[in-house]
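Chain residues, written in single-letter form:
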Amino acid sequence: MKRHLFSKSASFHGLFCAVVWAVSVPAVADGRLMPTQVPTVYKQECAACHMAYPPGMLPAPSWRRIMTGLDRHYGTDASLEPAQVQQVSAWLLANAGTYKRVREEPPEDRITRSAWFARKHREVDPAVWKRVSIKSAAQCSTCHTQAEQGNFDEHQVRIPR
Amino acid sequence: MLNFRKFRRMAVETGIGLALIGGLPAMTATPQTELLRWQQAAGQTGDAAKGQVFFGQRHGGEWSCASCHGQPPTRDSQHASTGKKIAALAPAFNAERLTDSAKVDKWFKRNCKDVLSRECTAIEKADVLAYLIGLK
């Protein structure tokens, strides 16, 4: 199934607002980036150190490389039991990004190095990223308040001071 | 004669027994038994003061234990690189901590590699546990 990433939220004004809101709510729910079934092992192991990234944010070859090099995982040893690796890999690959923006493998297989990531965040001043309250682009939920639920809609963005 | 009361008592006792067995894996470890386990492996008592120094020190790498857990580790903290929230580590401030041996082993293994580029020794673990348990 093709996941449509980052579909632009319609921005209407005046009288139409209420109508648009009512219509867009189901669309937002469907457009969530997190698959409904998230393996417990993904939440327990991967999401202990970083956000539970939606699989659709990287293409399958990137996930494959990440999952075969867990002993050298961005500077740390994130090794798992073989059965756990198998379970997480299967889920990531089955739900990997296929939408055209995500098909491109980013440098170092980092979500934050993807061309779409840079484009989507181009209005964010470099000084904002350096704030102590933000610290790392890897922690989506600092600004995307519903990121943990797979909702990256810009209306839910609150950039901390 | 197996009357109703006898039968009921047997059923209740069996139920309690099963509940205990079922609950055992999750309930066997406590911070104290974890400390004892590593003290036994080390053949000496954990030293909280040494543990405190060890916890706050860098060991040749970029991070100390405190880089992610804070010092004292009695409140929620943030992962040093990803910023992910890490719940308080000291058991007096987080009842879930040090109650699962497999988890204790897993995280000592992973995190010691991050901080010391090797696994921690039994006495290092006993010292750190003594320090964590001592935080009130």
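Refer to the structure printed above.
Residues numbered from 1 in each chain as written. Chains lettered and ligands numbered in written order. Predicted model: local features only at pLDDT ≥ 70, side-chain atom pairs only at ≥ 80, totals over all residues.

*Asks:* Which residues make up the interface of chain B and chain A, and what values go with them?
*Replies:* Each partner contributes residues to the interface: chain B has 8 residues there, and chain A has 10 residues. When the residues that make up the side of chain B that touches chain A are grouped by side-chain class, the tally is no nonpolar, 4 polar and 4 charged. (Contact = placed C-beta atoms within 7 Å. Nonpolar A, V, L, I, M, F, W, Y, C, P; charged D, E, K, R; others polar.)

*Asks:* Tell me what's going on with unusual backbone geometry, and back it up with residues and numbers.
*Replies:* Cis geometry marks the peptide bond from Gln71(B) to Pro72(B); its omega dihedral reads 0°. Position of Pro72(B) among the secondary structure elements: in the loop between α4 (65–69) and β1 (77–78). With a phi angle near 55°, Asp109(A) is a residue other than glycine that sits in the positive phi range. Turning to its location among the elements, Asp109(A) is positioned in the loop between α5 (100–103) and α6 (115–120). Phi at Leu98(B) is positive, roughly 60°, even though this residue is not glycine. (Helix = DSSP H or I, 4+ residues; strand = E, 2+ residues; numbered from the N terminus.)

*Asks:* Tell me about the environment of Gln32(B), and please be specific about residues and values.
*Replies:* All names here are of chain B. Of note, glutamine 32 is situated in helix α2 (residues 31–42). Given 12 C-beta atoms within 10 Å, glutamine 32 falls into the exposed group. Separated by 18 residues in the primary sequence, glutamine 32 and lysine 50 have C-alpha atoms spaced 18 Å apart. (Buried ≥ 20, exposed ≤ 12 C-beta atoms within 10 Å, placed from the backbone.)

*Asks:* How would you explain the packing of α2(B) against helix α6 (residues 122–134) of chain B if you had to name every residue and give the values?
*Replies:* Residues and elements named next belong to chain B. Running from N to C, α2 and α6 cross one another at 155°; their axes reach a closest spacing of 8 Å. The angle between the axes of α2 and α6 places the two elements in the roughly antiparallel class. Read as a crossing pair, α2 and α6 show a hand that is left-handed. On α6, the residues that touch Pro31, Glu34, Leu35, Trp38, Gln39, Ala41 and Ala42 of α2 are Ala122, Ile123, Lys125, Ala126, Leu129, Ala130 and Ile133. Across the contact of α2 with α6, the residue classes tally to 11 nonpolar, 1 polar and 2 charged. (Axes fitted to C-alpha atoms, helices over the stretch in contact; angles between N-to-C directions. Parallel < 35°, antiparallel > 145°, perpendicular 65-115°, else oblique. Left-handed = near helix turned anticlockwise from the far one by under 90°.)

The values reported here are purely geometric and, on their own, carry no functional implication.
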